Structures are given as C-alpha cells and as structure tokens.
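Examining the three-dimensional arrangement
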Amino acid sequence: MIELQDVHKRFGGEAAAVAGVSLTVARGEIFGVIGRSGAGKSTLIRLVNLLERPSAGRVLIDGQDVTALEGEGLRALRRRIGMIFQQFGLLGSRSVAENVALPMKLAGDRSGAEIKARVAALLERVGLADHARKYPAQLSGGQKQRVGIARALATDPAILLCDEATSALDPETTRSILALLDGLNRELGLTILLITHEMDVVRDICDRVAVLDRGRVVEIGAVADLFLKPSHPVTRALIAEAEHRETPVRQAGGRRVRVTLTGAAAETPFLTEATRGLEVDLTILDGRIGRTRDRPYSQLLLAVGGRDAEQALARLAACAELEELAA
Amino acid sequence: MSGWFVNIDWRDLGQATLDTLAMLGGSLLLTLLLGLPLGVLLFLTGRRQLLANRAANALLAAIVNLLRSVPFVILLIVMIPLTVLLVGTSLGVAGAIPPLVVGAAPFFARLVETALREVDRNTVEAVQAMGATTRQIVFRALLPEATPGIIAAATVTAAALVSFTAMAGVVGAGGLGDLAIRFGYQRFQTDVMVVTVAALLLLVQLLQTAGDRLVLHFTRR
C-alpha cells in the first residue's frame, strides 16, 4: 500500500533527516514508526504524501511511483491520503462542521447536500454530532483530534497518516483516540501509518513497527516480537521508558531463564503445569504481563533451582520460548 | 476667556481635519491593497514555505527594508517627481498620498508577514495535505486564520499613517499636522497646538478602539 524505497531527505547543509529508509506498509495494517525526537519521524511521514520531497529514493502508493507527481496529480494523491497532526491543525476561524467540510469543498466534486450529509455522518462516527457548530477553541484536546480525524476521512481516503496524533493528549484521552483509530482500521480497512515516541501507542494498536534512529530504521518487525525481544539499544531504551523499569537486582539461587509466551498460551497456568509433582524452587525476578494489539503476552524472568530444575525447564521449553541468561 | 482658543479658526481646523481624514483614508486603503499581497509574497517565498524562493525573497526583503529605513521626511521630498507623475501634483491631499503609501505599505507588509507566520504550521500542512492548491491555501486557510493579526496590523499601520500625515505638511499637504506646525509651532500659538494634537489623539484613539473591536469580532473563542 505504502512503499518507501531507500528514501533520503536532507535539508540544506544539515545532516540528513532521513537517511535511506526502506519499508512497506501492507493494506489494512496499522504500522508504527517509533523514535526519539529528532530521529526523523516527522520528515519520514511527510514524505508519504509529499509534504516533503525526498532528496533521493522512491515513494510508491498502491504500486504507483508518486515521487515526481506535481500539480493536479499530486493533489489527487493527497485526497487519497488523510492526515492528522499533533497540534490538530484545525482552522480556528471555522466551525467544526466547516473544518470537516473543507476537504470536500476544496476537491469540488460533491454537491452541497452531499457534503452536509457526509459531515453529519463523520461527526456522528467520531462522537461529536452535538458539536458541529462550535469553534475549535471551545473543544478539548481529545475533541479537537476527533474533528481532525473526521476531517481527514472526509475525502474517503484509503490511508491515514498520524503525526504524533496523541502526543498532546493525556493518557485517558490517548486511549480513547487510539480506540477510535483501531475501530476505523477494522471497520473501513483503513491503512494507518503513525509516528510516535511512545511505546505504549505502538503496543496498543500497531500490527508492525519500525524503530527509527538518526534517520535510519534500526529494527523492524511484528509488535510482539520487537516488544518482547528487542535487539537494538534504542528499542530497549524506549521500552524501558514506557514501562518505568529498572534492572532487577534480586538474588536467588538456580538457573536464570526468561520465559516468553504470546497468544492463548500466555493465559494458561503454565508455571504450575511446568512444576507439578516436581521438587523445584521457583523465584520470579521480573515480569511483564499485558497485551499487544491482538495478542496477550507473559514474559517472566525466573530463577529455577532444586533437584528437578532440569525437568521443569524442559517442560517450560515445551510450552514457551525459553532463553537462558547468565546468573 | 481672553487667553485660550483666541487663535483658533474653527473653519481652518475643520478643513484641516477633513484633509487629514482624506489623506488617511486614501493612503490607508492603498497601503492595505499594496501591502497585503506584498506581505503574503514575503511570507510565501520565505524559507521552507510554499513558494520558497531565496532570490525573490531576498529582493522583496531588500525593497521593503530600504523603504522602511528611509526617514519619511526624506521620502516625501525624494518622491516628488514620481508623485507628480502619478497624480499630477506634489501638493495637497493628492500629492501626499503616494509618499504615504510608499512609506506605509512596506511597514504593513512586514506586519502581515509576521501575522501569517503566527498561523500554526500544522494548520497549513493540514490544508496542503487535503490536496489544496497554493491559491486555496492562501485564501481558504492562511488569510482567514491570520485575519485578527492582519486587522491588528492594519490598526497599527493606520496610527502610524496619522503621524505620517502630520509630517506631510512639510510638502504643503495640509491637514492637522500642518496646522500644528505652521500655527502652533512656528507662530507660538499654543492653543492651536493643543487643539490639533488633541484632535490627532482622538483620531488615533478611535482607530485603535475600532481596530481592537474588529480583532475581537474575528477571533473565534
């Protein structure tokens, strides 16, 4: 759906903001790009609808090379790609309904009655039917972003770009906006590319994720894989920040293993099953239990000692992914 | 009752007020008409803007800065040949308007540019991302969003023009400032000075109040 082929973006004499990124976003998936501020995320997402032109490389949308599009061709492309912003980007001089109507008015291919009906339907969908006549300044941050989403969907795009769409919102509002995006993705098959610096956002709604550092993708994969088995230091740091974690310092005898289960297995009583009838000393040193978009996960750091430790470990290895760590 | 206001010829004062208003009205209108597009161009050709063009921007900026740095009294005199060419005379209300516009339009253009910069970048990007043409972005997003700022800029410019019209008396433009200089200052008629200055103050006050009200009206809060 969206394909970036070795794209570069350099501004003047500065170091490249995007330095050779290749990635493909499949139709209907929610793809996240995470990185710290200055990693090049904002530039990267703007290359997709050509708000920024790549200095090198190609951008393909639906298999079509759009890198060199100009004029009406470019404007038609942009109408197929919605975009929402950290600061919402609403027009303060226009009412909520006028903001949502604007993309359709600019396109000029719908009648007044059609536009009116569509505005009503979009506002209904984002839960703002009662706020049509208000001005953006009268709305809360979450409501503003809902208007932004309704407006981005006005021209019925197949792709939605989210530029730090929840970064200006409190955690509860963030969850409600993410739930709305999740629902739109499932209902409309909307392909979503979002950029964020928050691992929580990625964990909650993304299918796949790329980690961006200094303009390069340093790690890419399914969210659960990357989240539970990060390989790059930047990924690890982002996860550690999201979870407010410190390295555990507890002492315990036995072998140290990291046990990871995802999907249905994560919700089974795997610890008791692995130790039933055995003489084992099990110490839980650290643990992460939660869910990514569609998959529950459990990841425990265990110290396993006692006479039957070997046997218990073998049983664990049969139902979970096991990684032995230096004690 | 002997000392105060004896020197004042109320008909002169009335005529001077009308002259000032005519100069102000005419020059303000033209200043806005010329300065607004100039300000929009200054903004659009700026770095990383929609029509970013370093050469064009540098040229516009140079012209604007040059005109803004020439003292208005000098501009009045330097412009005389051009003024004669444009309006047929360098005297009176008509003769004052070209230098007033040339003096004020670049000032207003800079203020317009500043007002446009205040428009949230995400808002401009959002409209761009909708597939808007540059013209649509300017007329449907930038100008409406910057309207309160542009009105405030017009108000400041109008007040500056009031003081410029007073200087235009130097080239025989008439008006309140001329009255203040010729009678109030040169003939030591303090009462004339006081009354003309009071009239000018009232004018600036009225302009500012009207401007503030308009800004409030166009601010959606």
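No experiment lies behind these values; they were computed from the predicted model shown.

What follows concerns the overall build of chain B. When its secondary structure is counted, chain B shows nine helices and zero strands. Secondary structure elements of chain B, listed N to C terminal, follow the sequence α-α-α-α-α-α-α-α-α. Each principal axis of the C-alpha atoms in chain B carries an extent, and together these give about 70 × 45 × 25 Å. In chain B, buried positions account for 46% of the 221 residues.

All names here are of chain B. A contiguous nonpolar surface patch, about 330 Å² in accessible area, is contributed by Val73, Ile74, Ile77 and Val78. On the secondary structure map, Ile77 appears in helix α3 (residues 72-78). Residue classification places Ile77 among the partly exposed positions, given a relative accessible area of 47%.

Turning our attention to the UniProt feature "transmembrane region" (unreviewed entry) in chain B. All names here are of chain B. Under the local residue numbering, the UniProt record ascribes the feature "transmembrane region" (unreviewed entry) to residues 20-44, 56-80, 86-109, 150-172 and 192-211. Split by type, residues 20-44 is 100% helix and 0% strand. Its first and last C-alpha atoms lie 35 Å apart. Helix makes up 88% of residues 56-80 and strand makes up 0%, while its end C-alpha atoms are separated by 28 Å.

So, on to the packing of aromatic side chains. What characterises a pair of aromatic rings is the spacing of the ring centres plus the angle enclosed by the ring planes. Enumeration according to the criterion identifies two aromatic pairs over all chains in this entry. Here the aromatic rings of B:Phe72 and B:Phe164 are separated by 4.4 Å at their centres, their planes lie at 5°, and the arrangement is stacked. On the criterion of sequence distance, the pair formed by B:Phe72 in helix α3 and B:Phe164 in helix α7 (residues 134-167) is long-range, its members being 92 residues apart. Judged by its relative accessible area of 6%, B:Phe72 falls in the buried class. A cation over an aromatic ring shows up here: A:Arg288 above the ring of A:Phe227, its NZ or CZ 4.7 Å from the ring centre. Sitting above the plane of the A:Phe11 ring, B:Arg48 keeps its charged end 4.1 Å from the centroid.

On to the sheet that holds strand β1 (residues 2-9) of chain A, then. Residues and elements named next belong to chain A. Strands sit in the order β2-β1-β4-β5 across an open sheet of four strands; the sheet is antiparallel. At either margin of the open sheet sits one strand with a lone partner, and together these are β2 (18-25) and β5 (64-65). Across two bridges, the pairing between strand β4 (residues 56-61) and β5 is antiparallel. Its bridge partner being in β5, Ile61 is matched across the sheet by Gln64. Helix-sheet contacts for helix α1 (residues 41-48) involve β1, β2 and β4, and the interaxial angle to β1 is about 125°.

Relative to the elements of secondary structure, B:Val197 occurs in helix α9 (residues 190-218). Sequence separation of B:Val197 and B:Ala180 is 17 residues, and the distance between their C-alpha atoms is 7.3 Å.

Here we take up the domain arrangement of chain A. Residues and elements named next belong to chain A. As far as domains go, chain A holds domain 1 (2-89 + 147-241) and domain 2 (257-324). Just the C-alpha atoms count here: the centres of domain 1 and domain 2 sit 35 Å apart. Residue-level contacts link 16 residues of domain 1 with 11 residues of domain 2. For the pairing of domain 1 and domain 2, the buried interface totals around 1,100 Å² over both sides, and the portion due to carbon and sulfur atoms is 45%. With its nearest N and O atoms 3.1 Å apart, the salt bridge here joins Asp207 to Arg293. Summed over the shared surface of domain 1 and domain 2, the result is nine residue pairs in polar contact (both at pLDDT 80 or more). Mapped by element, the contributors of at least two residues to the side of domain 1 that touches domain 2 are α6 (171-188), α7 (199-205) and α8 (223-228). Among the elements that make up the side of domain 1 that touches domain 2, the one with the highest residue count is α8 (five residues). Tallied by class, the residues present in the side of domain 1 that touches domain 2 amount to eight nonpolar, one polar and seven charged.

Rules used throughout
- Residues numbered from 1 in each chain as written.
- Chains lettered and ligands numbered in written order.
- Predicted model: local features only at pLDDT ≥ 70, side-chain atom pairs only at ≥ 80, totals over all residues.
- Heavy atoms only, no water.
- Helix = DSSP H or I, 4+ residues; strand = E, 2+ residues; numbered from the N terminus.
- Buried < 20%, exposed > 50% of the residue type's maximum accessible area, 1.4 Å probe, protein only.
- Patch = residues over 30% accessible without salt bridge, like charges linked within 9 Å, V, L, I, M, F, W, Y side chains within 5 Å.
- Areas by Shrake-Rupley, 256 points an atom, 1.4 Å probe, with all protein chains shown as cover.
- Salt bridge = Lys/Arg side-chain N within 4 Å of Asp/Glu carboxyl O.
- UniProt positions renumbered as here; feature names shortened; annotations may be inferred.
- Phe/Tyr/Trp six-rings, centres within 6.5 Å; stacked < 30°, edge-to-face > 60°.
- Lys NZ or Arg CZ within 6 Å of the ring centre and 35° of its normal.
- Pairing = 2+ DSSP bridges.
- Contact = heavy atoms within 4.5 Å.
- Axes fitted to C-alpha atoms, helices over the stretch in contact; angles between N-to-C directions.
- Domains from an automatic or database assignment.
- Buried area = accessible area lost by both parts, 1.4 Å probe.
- Polar contact = N/O pair within 3.5 Å; in protein donor to acceptor, adjacent residues only side chain to side chain.
- Nonpolar A, V, L, I, M, F, W, Y, C, P; charged D, E, K, R; others polar.

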